[in-house]
Amino acid sequence: MTVQIDGTVCDGCPHAKEAPCMRVCPGDLLTKNSNGKAAIAIPEDCWDCAACVKECPRGAISLFLPTEAGGRGSTLVGRKKTDGVQWTLTDRKGKTTRIFTAGKKVI
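Draft legend 1. Geometry of the layout of surface pockets. Of the pockets and cavities examined, the second largest pocket occupies roughly 180 Å³. Taken together, 13 residues make up the lining of the second largest pocket; nearest its centre are D6, G59, A60, S62 and V77. For the lining of the second largest pocket, the secondary structure elements donating two or more residues are β1 (2-5), β4 (61-64), β5 (75-81) and β6 (84-90). Its residues assigned to classes, the lining of the second largest pocket shows five nonpolar, five polar and three charged.

Written out as structure tokens, the structure is:
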């Protein structure tokens with residue numbers, strides 16, 4: 001699996017003291033690049049936990065799934081909602097499947 005940040009979608013959360021993706025990364029691997037957008041400082045150290053994927057308010061962070069989990073080229077993007085996370089799985093042919101995982105109230 002691989003985490004990828006879409007620089008055309010990411011705005012670096014300029015109004016936040018610390019971008020949500022950076023705050024939740026357990027490896028402290030996310031930083032801002034010279035354009036002020038989120039970037040993975042050392043990509044090979046990322047263990048693909050997907051914490052940043054669901055925290056990104058813009059949906060700019062994707063998790064590319066292995067063949068066993070969704071087919072080569074499939075991506076998973078999460079969007080926080082007030083009562084859980086809305087996940088969108090897109091396969092390599094462009095078909096999307098949405099899955100909602102309810103959880104504790106998201107602040």
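Draft legend 2. Here's a closer look at the nonpolar core. Grouped together as the largest cluster of nonpolar side chains are 23 residues, with contacts concentrated most on I5, C21, L30, C52, V53, I61 and L63. Counting only elements with at least two residues in this core, the list comes to β1, α1 (20-24), β3 (38-40), α2 (51-55), β4 and β6. Setting aside chain neighbours within four positions, we find I61 in contact with V3, Q4, I5, C21, C52, V53, C56, L76 and V77.

Draft legend 3. Quick peek at the sheet that holds β6. Spatially, β1-β4-β5-β6-β7 is the arrangement adopted by the five strands of the open sheet, whose pairing is antiparallel. Single-partner strands in this sheet number two, and they are β1 and β7 (96-102). Pairwise comparison of adjacent strand axes, ignoring direction, gives a mean angle of 25° for this sheet.

Draft legend 4. Region of interest: the side chain of S62. With respect to the secondary-structure elements, S62 resides in strand β4. Here S62 falls in the buried class, since its relative accessible area comes to 15%. Not counting chain neighbours up to four residues away, the residues in contact with S62 comprise T2, V3, Q4, V53, T75, L76 and V77.

Draft legend 5. Focus on unusual backbone geometry. Despite not being glycine, D28 has its phi angle at roughly 55°, a positive value. Considering the arrangement of structural elements, one finds D28 in the loop between α1 and β2 (30-32). Taking relative accessible area as the criterion, D28 reaches 62% and is therefore assigned exposed. Unlike most non-glycine residues, D48 shows phi in positive territory, near 60°. Tracing the backbone through its elements, the reader meets D48 in the loop between β3 and α2.

Reading the values: rules and limits
Residues numbered from 1 in each chain as written. Predicted model: local features only at pLDDT ≥ 70, side-chain atom pairs only at ≥ 80, totals over all residues. Heavy atoms only, no water. 1 Å grid on protein atoms, 1.4 Å probe; cavity = no way out; pocket = protein on both sides within 12 Å on 5 of 7 lines; lining within 4 Å. Points joined across faces, edges and corners; volume = space filled by probe spheres on them. Helix = DSSP H or I, 4+ residues; strand = E, 2+ residues; numbered from the N terminus. Nonpolar A, V, L, I, M, F, W, Y, C, P; charged D, E, K, R; others polar. Core = buried A, V, L, I, M, F, W, Y, C linked by side-chain atoms within 4.5 Å. Buried < 20%, exposed > 50% of the residue type's maximum accessible area, 1.4 Å probe, protein only. Contact = heavy atoms within 4.5 Å. Pairing = 2+ DSSP bridges. Axes fitted to C-alpha atoms, helices over the stretch in contact; angles between N-to-C directions.

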